[in-house]
Each structure stands twice: as C-alpha cells, then as structure tokens.
Amino acid sequence: MNGDVALIVEEEQMANVVPVDDFATGEWYPGYKPEHFDMPWIVDPASPFKPGDEQGFWFLDFHWSRGLTPLAATLWSGDGYCWGTQHAAESLPLPPGRGVSARFAGTHLYGSALPETDPNEIGARANRIATNLPHFLQNYRSIWEGGRDELESTWQYFRGVDFAGTPDLTDLLTKGRRYHKRAMEIHFGVMYPMLANFLGFYGACADMGINPNEIGKFLQGEDTKIMETDREVYRLAMRARAAGLSHVFDTHEPHELRAALGREPGAGPWLTEFDDFLQVYGWRAEATCDVGVPSWIEDNTIPLGLIKTFLKKDDEHDFEAAARNAMAEREEAIENARTGLTREEQAVFDAGLQSNQEANFPWWQDDHNYYIDLKVMLPLRWGCQELARRENADHKDDMLYLFWPELMDVVSGRKPYQGELKSLVGERRQYFDHWHARRSEMPKVLGTIPEAVEDPILIEIFGLNPGSIKAVQNPDAAKQTVMKGVPAAKGTARGIARVLQSSDEMHRLEPGSILVCESTSPSWTPVFGKIAGAACDGGGMLSHAAIVGREYGVPTVTALGVATISIADGDEIEVDGTTGTVTILNKAATTTSADTTADAPAGVAG
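Within any chain, residue numbers begin from 1 and follow the written order of that chain's sequence. The predicted origin of the model limits local features to residues at a pLDDT of at least 70 and limits the giving and counting of side-chain atom pairs to 80 or more, whereas totals for whole chains, interfaces and linings rest on all residues. The side-chain values count all of the structure's non-hydrogen atoms but skip hydrogen atoms and water molecules.

Novice: Looking at this model, I keep getting lost on the sheet that holds strand β13 (residues 556-558). Mind explaining?
Specialist: Each strand in a sheet pairs with its neighbour through backbone hydrogen bonds, running either in the same direction (parallel) or in the opposite one (antiparallel). Two strands pair under a simple rule: DSSP has to find at least two bridges between them. Helix and strand definitions follow DSSP, with helices as H or I runs of at least four residues and strands as E runs of at least two, each counted in order from the N terminus. Strand order in the open sheet formed by eight strands is β8-β15-β14-β10-β11-β12-β13-β9, and the pairing between neighbours is mixed. Pairing within the sheet leaves two strands with one partner each, and these edge strands are β8 (482-484) and β9 (486-489). Within this sheet the neighbouring strands show an average axis-to-axis angle of 30°, counted without direction. Sheet analysis places strand β10 (residues 492-499) next to strand β14 (residues 572-576), joined by five bridges and oriented antiparallel. Across the sheet, the residue bridging to A493 is V575, located in β14. All axes here are fitted lines through C-alpha atoms, helices being fitted over the stretch that makes contact, and every angle between N-to-C directions spans 0 to 180 degrees.

Quick look at the structure:
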C-alpha cells in the first residue's frame, strides 16, 4: 500500500474508503502487548490500527515523519492526543468535537478527530462554552503565564538534578512522565479556547465578506521566542564569518564541524559564544515532544548545519525589515478589511480583533513551543540514557525502545534488561528502521474519507480541506505538474526544490532553494531566513509554515496534499503564495543548473 493507493468505493455508504487492513494485523513492535498501552484516556484510547478503524477518518500526522520509538509513541499518543486533547475538548468543551485519537501503522502515527454527533449534547456543550470561554479570555494572560511558569519551575528542577548521582531513577522517571503529561494538559487547555476564540472571529469575518486568506494577517507581526532563537543563530553565523571561520564551515559536513572547529586555531572564542548560546537556546529537539530525538546541546549537528548554510548566503537576511514588512502588511490588511464594512460590522470586527490580539493564537502557536513542545520530553530522555548506562546497554538510546511498563520494570528491578528485553530492543530498532524507510509510501489518509472536514483544528492547523483531501486521492499525483493549496504567505518565488523528509536534512537547503516537505514545525523556523519559498503537503492558515512564512515574507503554499509525491528533489518549481499554486517548471532530469532565481530576493515576497 502506498500514497498512490486506489480507493475503494463502498456503494452502501457512498464514501471513499482507504482500507486499514494492511496495518490492522494485530502485530506491531516485536513483543508488543495491548497492556503496554494501558494508559488513561477520556474518549478513545490509542492503539495500533485494528479491524473496524476504517469507519473513522485517519490522517498521517506530519509532526513525526521519522516515526516514533515505543516510548515516544507512548508519550505522545497517551499524554498528548488521548489525554491532552480529549481532556481539554471535554473540559471547555468544544461543541462539535471531543479531541483527537491515535492509531499506528508501523511506527507512523495517524490521528482522527473525535466528533460529537448527538444534537442535544452539542447544544449543551455550546451552552457550557458560552459560559467558560469569556472567563478564559478575561484571564488569558494569567492562565497562560501561570501554566508556563509552572512548567519552567519544573524544568529548572530537572536541570538541577544529578541523574548520574541519583541511586534510584524510578522516582525521577515517574516525575518526568508527570511533567510531560502536565505539559500536555496546559498546552491543550490553553490552545483549545484560544483556537475557539479565533475561529469565532474567523467565522464572523467570513460572514461579513472578508477574504478568509487575509484573516491570518490581522494577527501577524508579533515576536516569539522561536524567532528570537533564529536571530541568534544568524548572529552566530555572522560572527563566524567575521572571525574568519567560513572556510571551516565550507569544507566540512555538519556532523564534522564541532571537531573541525575544535582543531581550528583561533576558533576558541567563537566556540565559547556558541556554547553560551546553547545554554539558553539549545534545550530543544528537532521534533515535537519526541523523546527519541536529541537536543541541540546533545548533538550540535543541526545548529552548526544551520550556521553553515547561512554562511552560503552572499546577502544578509534583514530580520528587522521582515518584521517591519509583516507589521505593515498586518495594518494594511486590517484597514482594507474595515473599509468594506458597515458601521455595525466594524464594531463587530473591532471587538473580535481586539479579543484576538489580546489572546493571539498565531503568536502563541509559535511561542509556546519554546516552553513545551521542544523540551518537555528531555528529562525523560536523560533518565533513560542514564538507565542505559547502568544496564550496560549497547546504545545510550536503547531504553527508548521499551514501552513504559517495560521501562518501569527495568528501573525498579522487577525485570532484568539483559536477556529478553535487550533482544527485543535489537529487533525493535530494525523494525523502526524498516518503517522509517517506508515513510514516503505511507497513505496520507486512511479509513472513510469525507468530502469535507468540519473539525476546525484539522482544517486550520493540519490543512485537511476539500482540496487537499481530493488531492491525496488522485492516483496520478506523481504525474501532475500544477498543484493547488492554501495561499499561506503571499509572493512568488522560483527555485530548485529540496524535498526533505524531516528537519534532519535541513542542511541540504541552499540559499534561494524551495523547501518541499510534509509540513514544518518550530525546529524548521531558521531555514525561512534563507529559502526562497515553501511548499507543504499539510498545514492550514494557522500551521507553523503559514505563520512563519508570513512573518519572514517567504512565499508559502500549504495543504497541497501531495507536494512530496509530485515534486522530485532537484525539480525547478514556482511557488505562488498569493494564489496558492505550485508549478513544476522543469523536472530534475532536465534541470541543467542548481542555480535558483526568484521574483524577489530570498525571504522577500515578490
């Protein structure tokens, strides 16, 4: 089964169905037992695919294109989707939705929105949110800052722990799990009401005839911790150039750079600056809440690779100009929207805009990652690595291939690691590698495919709109040369496509190239300072790629559905972020040069 899978039409349901049979085999990671996933849940528990799941609509989640190890799968599906989203959706509550559930096809996670279908229950939930949402909005700042500060306090506790000097790691790992789960409660407890408020404003704007593609611009132009990190990475690149270190970066691959700089005479002061930077900004991994991925401090390859590619730019990226342009575009979009409204409509618009500026969802959607998504799993990673050292494991990450109950058995001494579990870890590593290699073949959707999705999160964040749903059902997707998606950030750019499976490959992006990927997350943000454009399979107007594309002035089209299938690495393509069109101009086999051109300088809308 692959992304070009033909769809079965069930005449009785009159709906397209992509079978889950290939994945609902009852088998998963070697040695898996259902009790390994016995975790608290609110509406629906996580599991591998099982018979009957074809009745739901499942989308391949772009956040984890590498796949997930057993422990990482446990943490996100259990604490994130099946506790965090379902807890928040029921507590607020969201009238039409009950959160998200999770299934696994091999190591790859599929999500599905859980609908509320009872009209009486929907009405009751609407009454409750009408009471609860105003209270949240009036106290948004104290609620978010209180949750953020709570998490930062726990983070500082873990930063002060001597894992190697702790005799019994059981309590530390248990605390790490509680920290992770609490972070998910705070994350979705803030996200859902903010998103509900934004979508209310969005709906009001649409009813008043305002172009939906303009609405995201009303809230852009606010600085975030993620953008602050990007500026610091770029500053380090310019400092390396001033220190005469460009040749070291130019002649070594990212994984070689730390050692090469250590040997380079005169690089010491710059390396000290780099390490000081890591102490502030390096506690971040390259995947959302994935315990299987190292932080920048543990592995310097990613930040050094980013610096390497920044040094390839002949012209300097003007972050301040990009910020000014984003704010100017915001003010222009607001003024244009208000001009076409009646006085009564202007009052509705102004009230909604003020509410959303005070509780700015697009800003929060980027900023919160610094405090939650990129680091809350790290204490568990440190504990697992220390346990691996004590158990004489073959690799420091071996414990990440255990399920949570198995990990607790080992750390508590109830079951030895050496023997059966060690053998299983070896088999699970092979299983992970096998499914990692199959990522490009995975169906973008599984189960019963609706003509349209009603869940606003799936539309505005994941980009599952009628156009993208239709695109992923096209058996000839690999042959098409023109694709339509969401016009996420205006402007037009031409360049050579670099099709990336994950942020591990960001160093392959040359200045002026076009990023093509499933979608982006905050770990991708620095590349927007050097690429000419972006084309993504997923993502709506509130996705990371859309938000950052607007902030950096990089033409971006999201929700294409099949960009990574239709576009080959090395193709010359054009991205029109104003119309939402991506065109393949020349296939890689006929592209004679790796040079790129754009209608405007890289990072500036044309």
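Novice: Where do I start with the layout of surface pockets in this structure?
Specialist: The gaps left among the atoms become clear once a water-sized probe is rolled over them. Roughly 500 Å³ of volume is contained in the largest pocket. With a 1 Å grid spanning the protein atoms alone, the term cavity applies to any set of points in which a 1.4 Å probe fits but cannot get out, the term pocket to an open set with protein on both sides within 12 Å along at least five of seven lines, and the term lining residue to any residue with an atom within 4 Å of a point. In terms of lining, the largest pocket is formed by 23 residues, of which the most central are P96, A113, P115, E454 and D455. Contributions of two or more residues to the lining of the largest pocket are made by β6 (108-115), α4 (170-207) and α17 (456-460). A per-class count over the lining of the largest pocket returns 17 nonpolar, three polar and three charged. In this model, the second largest pocket occupies a volume close to 400 Å³. Taken together, 22 residues form the lining of the second largest pocket, with R66, G292, V293, P294 and D504 sitting closest to its centre. When residues of the lining of the second largest pocket are assigned to their parent elements, the largest contribution, three residues, is made by helix α16 (residues 420-437). Considering only residue class, the lining of the second largest pocket consists of eight nonpolar, seven polar and seven charged. Grid points are joined across faces, edges and corners, and a volume is the space filled by probe spheres set on the points. Note on residue classes: Ala, Val, Leu, Ile, Met, Phe, Trp, Tyr, Cys and Pro are nonpolar, Asp, Glu, Lys and Arg are charged, and everything else, Gly too, is polar.

Novice: Where do I start with the pairing of strand β11 (residues 514-517) in this structure?
Specialist: In the case of a regular strand, side chains alternate between the two sheet surfaces. Throughout this description, buried means an accessible area under 20% of the type-specific maximum (1.4 Å probe, protein chains only), exposed means over 50%, and partly exposed covers the range between. Taking every second residue as pointing to the same face, both faces of β11 are buried, with I514 and V516 on one and L515 and C517 on the other. Inspection of the sheet shows β10 paired to β11 by three bridges, in the parallel sense. Among the inter-strand pairings, V499 is bridged to a residue of β11, identified as V516. Bridge count between β11 and strand β12 (residues 533-536): four bridges; the pairing is parallel. Residue pairing across strands places I514 opposite G533, the latter belonging to β12.

Novice: Sorry, what's going on with the nonpolar core here?
Specialist: In globular proteins that are soluble, nonpolar side chains generally tend to be buried together. Joining through side-chain atoms within 4.5 Å is the link that ties buried Ala, Val, Leu, Ile, Met, Phe, Trp, Tyr and Cys residues into a set, and such a set is a nonpolar core. Counting residues in hydrophobic clusters, the biggest one holds 174 residues, and the most contacted among them are Y192, F218, F249, W270, F349 and L407. With 16 residues, the next largest nonpolar core counts A497, V516, L560 and V582 among its residues.

Novice: Would you take a moment to explain the packing of aromatic side chains for this structure?
Specialist: Here the distance between the centres and the angle between the planes together describe a pair of aromatic rings. Here a Phe, Tyr or Trp ring, Trp counted by its six-membered ring, pairs with any other such ring whose centre lies within 6.5 Å, and the pair is stacked when the planes are under 30 degrees apart, edge-to-face when over 60, and tilted otherwise. Inspection of every chain in the model, using the stated rule, returns 46 aromatic pairs. Ring centres of Y32 and F37 lie 6.3 Å apart, and the angle between their planes is 85°; on these two criteria the pair is classed as edge-to-face. Residue Y32 is classed as buried on the basis of its relative accessible area, which comes to 18%. Taken together, the ring pairs connect F23, W28, Y29, Y32, F37, F49, W58, F104, Y110, F403, Y431 and W435 into an aromatic cluster.

Novice: What am I meant to see in the environment of K375 here?
Specialist: Topologically, K375 is positioned in the loop between α13 (361-367) and α14 (378-390). In this structure the C-alpha to C-alpha distance between K375 and D290, which are 85 residues apart in sequence, comes to 8.9 Å. Residues in contact with K375, not counting those within four places in the same chain, are E152, W155, W283 and Y370. Here a residue-residue contact requires only that any non-hydrogen atoms of the pair lie within 4.5 Å.

Novice: I keep staring at the packing of α4 against helix α12 (residues 343-358) and nothing clicks. Help me out?
Specialist: In helix packing, the relevant descriptors are the interaxial angle and the interaxial distance, both defined with respect to the helix axes. Running from amino to carboxyl end, α4 crosses α12 at an angle of 155°, the nearest separation of the two axes being 10 Å. Relative to α12, α4 is oriented roughly antiparallel. The chirality of how α4 crosses α12 is left-handed. Residues N197, F198, F201 and C205 of α4 pack against F349, G352, L353, S355 and N356 of α12. In terms of residue class, the contact of α4 with α12 is made up of five nonpolar, four polar and no charged. Any angle that is under 35 degrees is reported as roughly parallel, and any over 145 degrees as roughly antiparallel; angles of 65 to 115 degrees are reported as roughly perpendicular and all others as oblique. In this scheme the handedness of a crossing depends on how the near helix is turned from the far one: anticlockwise by less than a right angle means left-handed, clockwise means right-handed.

Novice: Help me understand empty space enclosed by the protein, please; the structure alone is not making it clear to me.
Specialist: Under the criterion given, the structure shown has seven cavities of 30 Å³ or more. The space that makes up the largest cavity amounts to roughly 380 Å³. Around the largest cavity sit 29 residues that line it, and H63, M191, Q365, D373 and I461 are the ones nearest its centre. Among the elements of the structure, α1 (70-91), α4, α13 and α19 (544-552) are those that each provide at least two residues to the lining of the largest cavity. With four residues, α4 is the largest single contributor of residues to the lining of the largest cavity. For the lining of the largest cavity, the per-class residue count stands at 14 nonpolar, twelve polar and three charged. Of the voids in this model, the second largest cavity is the one considered here, and its volume is about 200 Å³.

Novice: Sorry, what's going on with the pattern of salt bridges here?
Specialist: By convention in these notes, a salt bridge is any Lys or Arg side-chain nitrogen within 4 Å of a carboxyl oxygen on Asp or Glu. For the coordinates displayed, the defined rule picks out 46 salt bridges. Measuring nitrogen to oxygen at the nearest pair gives 2.7 Å for the salt bridge that ties E273 to R239. Of the two residues, E273 is situated in helix α9 (residues 268-281) and R239 in helix α6 (residues 225-242); the sequence distance between them amounts to 34 residues. Overall, the relative accessible area of 22% leaves E273 in the partly exposed class. Between E505 and R508 there is a salt bridge; the shortest N-O distance is 3.5 Å. Its relative accessible area of 23% is what places E505 among the partly exposed residues.

Novice: Where do I start with helix α10 (residues 301-310) in this structure?
Specialist: Given 3.6 residues per turn, any residue in an α-helix points the same way as the ones three and four places further on. Taking burial as the measure, the ten residues of α10 include nine buried ones, the bulk of the element. Listing the buried residues of α10 in full gives I302, P303, L304, G305, L306, I307, K308, T309 and F310. On its buried face, α10 is in contact with α6, α7 (246-250), α8 (257-263) and α9.

Novice: Would you explain the confidence of the model for the chain in this entry?
Specialist: Keep in mind that low pLDDT regions are not for reading the predicted coordinates in detail. One number per residue, pLDDT, summarises how confident the predictor is, and it ranges from 0 to 100. For the chain, mean pLDDT is 91; residues scoring 70 or higher make up 95% of the total. Note that residues 1-14 has pLDDT below 50 and, in this model, 30 contacts with residues that lie over four places away or in other chains. Here residues 591-606 is modelled with pLDDT under 50, and outside its nearest four sequence neighbours on either side it reaches 38 contacts, counting other chains as well.

Novice: Help me out: how do you make sense of the environment of K33 in this one?
Specialist: Here K33 shows up in the loop between β2 (15-18) and β3 (47-48). What makes K33 partly exposed here is its relative accessible area of 43%. With 370 residues separating them in the primary sequence, K33 and F403 have C-alpha atoms 9.6 Å apart.

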